Amino acid sequence: MKQLLFIALLLFGCSPSVTNSSNKANLQNTRPDWLSAKPVVQTYYIGIGHSTKDGINNYIQSAKNSALEDLVSEIKVNISSTSVLSQIDANKEFQEKYEQIIQTTVADEIEEYEQVDAWEDNLNFWVYYRLSKQRYKEIKDKQKRDAVALSLDYFTKAKNAERNTDQVLALGFYYQGFRAIEKYLGEPIRLEFEGKEILLTNEIVASMQLLLDKMNLTVDPNEIVLNRRVTQNSMTVIARAIDKTSRKPIADLPLAAYFEKGAGDVFPNYKTDGAGQSKILLTKISSRDIEQTVAVKVDMMSFAGQGSSAIYSLIADKMVVPKAIILMKVHRPIVYIASAEKSLGVAKSNQQITNRIKNFLATSGFEFTDDKSKAELSLDVSANSEKGAVSGSIYITYVTALIRVSTAADNKEIYATSLDRIKGFSLDFERSSQEAYNKSMEILDKEKLPELLNAILQ
């Protein structure tokens, strides 16, 4: 009995492993045909994804993402010649952008795809996905029906608001209607509304444009003369919106303000009050241009709120919105300079710090005078270097400087700063002093001059 058991165990130990043979066969002999040529199946969209096993990435997830991208690339976006997209984009300026956005949306929303197969070797991983064209069409048709029903509801509300002369509410409803069907801008959505056949997307965009065409936006005054130092100006600009037909003010209309020429800080977003007015707030002018313009227009993106979309942005940019221009004739501030720069107690022939500040202000759009009575600003600079220690053949020197900007008329301080004991060292005190001044220039450029300009222009 023991001999029989021994023989049985010996035979079992010598038999080949089925599992190991199978694995080797899978790696060596079962490379699928779909890796050599992508399958063409009339009833399915096909996606093949690949990822390398680099030991860092999640190669399975990476391959799945790649397969989905490949699958989605087979789903084409067709633009109808009767669609709103074709009508407003005659030169196809942004049709490609629209198609890219839609493709991205499809990738995010795709569902009910299935994995057909997967294969891997030691260095690579592939996966094969498919999506039923019929099922995909059924899902998309239902989504479109729901979107059209929602859009039509908002469109109806917009028309009622328009009839009640509530233009802002109407624009808001039109936007909601647009957003519901924005993924179908390339398609002609035909339906009946109040006894008339309409193309819904086309009608929404056209209705928004007609509402905008009936608005008149003005600014008062439309031309101003002001100082580049905004705090010295008392000019107030009022934007006003009215209905062209009734001449009634339009309340709660969102407006946007921005520099169209020049540069500076202007508060960007407004809403008109009950009188159809809004005060435009200009806080800073940073451009040297003598003539600059600020534009005020109806802010179409405001209707999107936090839910703005890239597609709506494309369409909104194509709309002709009411706009008013403020022409600004900018006076450059005039500066009087008083300076005393010394090196080791002796007046410097080269007013290094003063000249650097003057050049900076000149390139920033300031002018200068030797007559303080004609100046708006007074710049005072005082600097001196002092001897420090001597260590062997190294001489150490320190520079201290005070810089002050004030109003010339009443000596009211606007900005003041100092350079405290900036250290220089060289082979003698004279060269050490110059080295300390050179280092002071670096601090002046990096820190002090931007601060000074900002303080003056506020």
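Visitor: In this structure, what is going on with the sheet that holds strand E7 (residues 223-227)? I would like to understand it.
Guide: By definition, the strands of a sheet pair up through backbone hydrogen bonds, in either a parallel or an antiparallel sense. Here we have 5 strands laid out as an open sheet, ordered E7-E15-E14-E9-E11, and mixed in their pairing. Looking along the sheet, the strands with just one partner apiece sit at the ends: E7 and strand E11 (269-271). Each strand of the sheet is rotated relative to its neighbour by a mean of 30°, with strand direction disregarded. One ladder, built from 6 bridges, connects strand E9 (residues 254-261) with strand E14 (residues 291-298); its direction is antiparallel. Counted as the bridge partner of Ala256 is Lys297 from E14.

Visitor: For this particular structure, what's the right way to read the side chain of Thr272?
Guide: By secondary structure assignment, the location of Thr272 is in the loop between E11 and strand E12 (277-280). Of the polar contacts made by the side chain of Thr272, one reaches the backbone nitrogen of Leu253; its length is 2.9 Å. Here Thr272 is in contact with Ala241, Ile250, Ala251, Asp252, Leu253, Leu255, Gln277 and Ser278, once residues within four sequence places are set aside.

Visitor: Where do I start with the packing of aromatic side chains in this structure?
Guide: To describe a pair of aromatic rings, one takes the distance between the centres and the angle between the planes. Going through the model one piece at a time under the given rule, you end up with 12 aromatic pairs. A ring pair is formed by Tyr45 and Tyr136, whose centres lie 5.7 Å apart and whose planes are at 85°; its orientation type is edge-to-face. Pair noted here: Tyr45 is in strand E1 (residues 44-52) and Tyr136 is in helix H6 (residues 133-163), with a separation of 91 residues, a long-range link. For the pair Tyr45 and Tyr136, one class covers both residues: buried. Seen in terms of ring centroids, Tyr395 and Phe429 are 4.9 Å apart; in terms of plane orientation they differ by 80°. Their pairing is edge-to-face. Remark: Phe429 occurs in helix H11 (residues 429-457) and Tyr395 occurs in strand E20 (residues 394-407); sequence separation between them is 34 residues. By way of ring pairs, the aromatic residues Phe155, Tyr174 and Phe193 are connected into one cluster. In this arrangement the basic side chain of Lys348 is found over the ring face of Tyr437, its NZ or CZ atom lying 4.3 Å from the centre.

Visitor: Even after reading the chapter, I still don't get the environment of Leu419, so can you show me in this structure?
Guide: Along the chain, the position of Leu419 falls in strand E21 (residues 413-426). C-alpha of Leu419 to C-alpha of Val399: the two residues are 20 residues apart in sequence and 7.4 Å apart in space. When sequence neighbours within four positions are dropped, the list of residues in contact with Leu419 reads Ile353, Val399, Thr400, Ala401, Ser440, Ile443 and Lys448.

Visitor: Help me understand the sheet that holds strand E8 (residues 237-243) in this model?
Guide: The strand order across the open sheet formed by 3 strands is E6-E8-E12, and the pairing between neighbours is antiparallel. Lying at the two open borders of the sheet, with one neighbouring strand each, are strand E6 (215-220) and E12. Adjacent strand axes in the sheet meet at a mean angle of 20° when their direction is disregarded. The sheet contact formed by E8 and E12 spans 4 bridges and is antiparallel. Its bridge partner being in E12, Arg240 is matched across the sheet by Gln277.

Visitor: In this structure, what is going on with the confidence of the model for the chain? I would like to understand it.
Guide: Reading predicted coordinates in detail is not appropriate for stretches of low pLDDT. Mean pLDDT for the chain: 86, with 87% of residues reaching 70 or above. Averaged over each element, pLDDT in the chain is lowest for helix H2 (residues 18-29) (39) and highest for E6 (97). Counted against residues more than four places away or in other chains, residues 1-29, with its pLDDT under 50, gives 5 contacts.

Visitor: Please explain helix H3 (residues 59-72) as it appears in this structure.
Guide: Residues spaced three or four apart along an α-helix face the same direction, because each turn holds 3.6 residues. The first and last C-alpha atoms of H3 sit 20 Å apart over 14 residues, in line with the 20 Å expected at 1.5 Å per residue. The complete set of buried residues in H3 reads Ala63, Ala67, Leu68, Leu71 and Val72.

Visitor: Please clarify how the pattern of salt bridges should be interpreted in this entry.
Guide: Once the charged atoms of two side chains with opposite charge are near each other, the side chains can pair. Counted by the stated rule, this structure contains 19 salt bridges. Lys144 is the salt-bridge partner of Glu187, the closest N and O atoms lying 2.5 Å from each other. Taken together, the positions of Glu187 in the loop between helix H7 (167-180) and strand E4 (190-193) and Lys144 in helix H6 put the pair 43 residues apart, joining distant regions of the chain. Through salt bridges with shared partners, one network takes in Lys38, Asp70 and Glu74.

Visitor: What is the right way to look at the environment of Ser385 in this model?
Guide: Residue position: Ser385 is located in strand E19 (residues 377-391). According to the relative accessible area criterion, Ser385 is buried, its value standing at 4%. Sequence-distant contacts of Ser385, defined by excluding residues within four places in its chain, comprise Lys342, Ser343, Leu344, Gly345, Thr397, Tyr398, Val399, Ser433 and Tyr437. Only 2.7 Å separates the side chain of Ser385 from the backbone nitrogen of Leu344, close enough to count as a polar contact. One polar contact links Ser385 to Ser433, side chain to side chain, over a distance of 2.8 Å.

Visitor: Could you clarify how one ought to interpret the pairing of E9 in this entry?
Guide: Consecutive residues of a regular strand have side chains that alternate between opposite faces of the sheet. Pairing analysis gives 3 bridges linking E9 to E11, with the strands arranged antiparallel. Its bridge partner lying in E11, Leu255 is registered against Tyr270.

Visitor: What's the story with the pairing of strand E16 (residues 334-343) in this structure? I'm lost.
Guide: Inspection of the sheet shows E16 paired to strand E18 (residues 367-369) by 3 bridges, in the parallel sense. When the sheet's bridge partners are listed, Ile334 is paired in E18 with Glu367. Summarising the sheet, E16 and E19 pair through 7 bridges and their orientation is parallel. Residue Ser339 lies in a different strand from E19, and its bridge partner there is Val381. Inspection of the sheet shows E16 paired to strand E17 (residues 346-347) by 2 bridges, in the antiparallel sense. Opposite Lys342, over in E17, you have Ala347 as the bridge partner. Here E16 folds back onto E17 in antiparallel fashion, the turn holding 2 residues, of which Leu344 has a positive phi close to 55°.

Basis of the calculations
- Counting of residues starts from 1 at the beginning of each chain's written sequence and follows it residue by residue.
- Only residues with pLDDT of at least 70 get local features here, since the model is predicted, and only at 80 or more are side-chain atom pairs given and counted; chain-wide, interface and lining totals rely on the full set of residues.
- For side-chain calculations, the full set of non-hydrogen atoms in the structure is used, while hydrogens and water are omitted.
- The rule for pairing is simple: two strands pair if DSSP sees at least two bridges between them.
- A run of H or I in DSSP counts as a helix once it spans at least four residues, and a run of E counts as a strand once it spans at least two, with each numbered from the N terminus.
- Axes here mean lines fitted to C-alpha atoms, for a helix over just the part in contact, with angles spanning 0 to 180 degrees between N-to-C directions.
- Distance and chemistry together define a polar contact, namely a pair of N or O atoms within 3.5 Å, with one atom able to donate a hydrogen and the other to accept it when in protein, and with adjacent residues in sequence counting only for side-chain atoms on both sides.
- The contact definition used throughout considers only heavy atoms, calling two residues in contact when any of these lie within 4.5 Å.
- Each Phe, Tyr or Trp ring (for Trp, its six-membered ring) is paired with any other whose centre lies within 6.5 Å, and the angle between the two planes then decides the class: stacked below 30 degrees, edge-to-face above 60, tilted in between.
- Accessibility here uses a 1.4 Å probe with only protein chains present; expressed as a share of the type maximum, an area under 20% marks a residue as buried, one over 50% as exposed, and anything in between as partly exposed.
- Charges are assigned to positions over rings by a cutoff of 6 Å between ring centre and Lys NZ or Arg CZ, combined with an angular limit of 35 degrees from the ring normal.
- Values of pLDDT, ranging from 0 to 100, describe the predictor's confidence in every residue of the model.
- For a helix, the expected span equals 1.5 Å multiplied by the residue count minus one.
- Between Lys or Arg on one side and Asp or Glu on the other, a salt bridge is scored when a side-chain nitrogen of the former is within 4 Å of a carboxyl oxygen of the latter.

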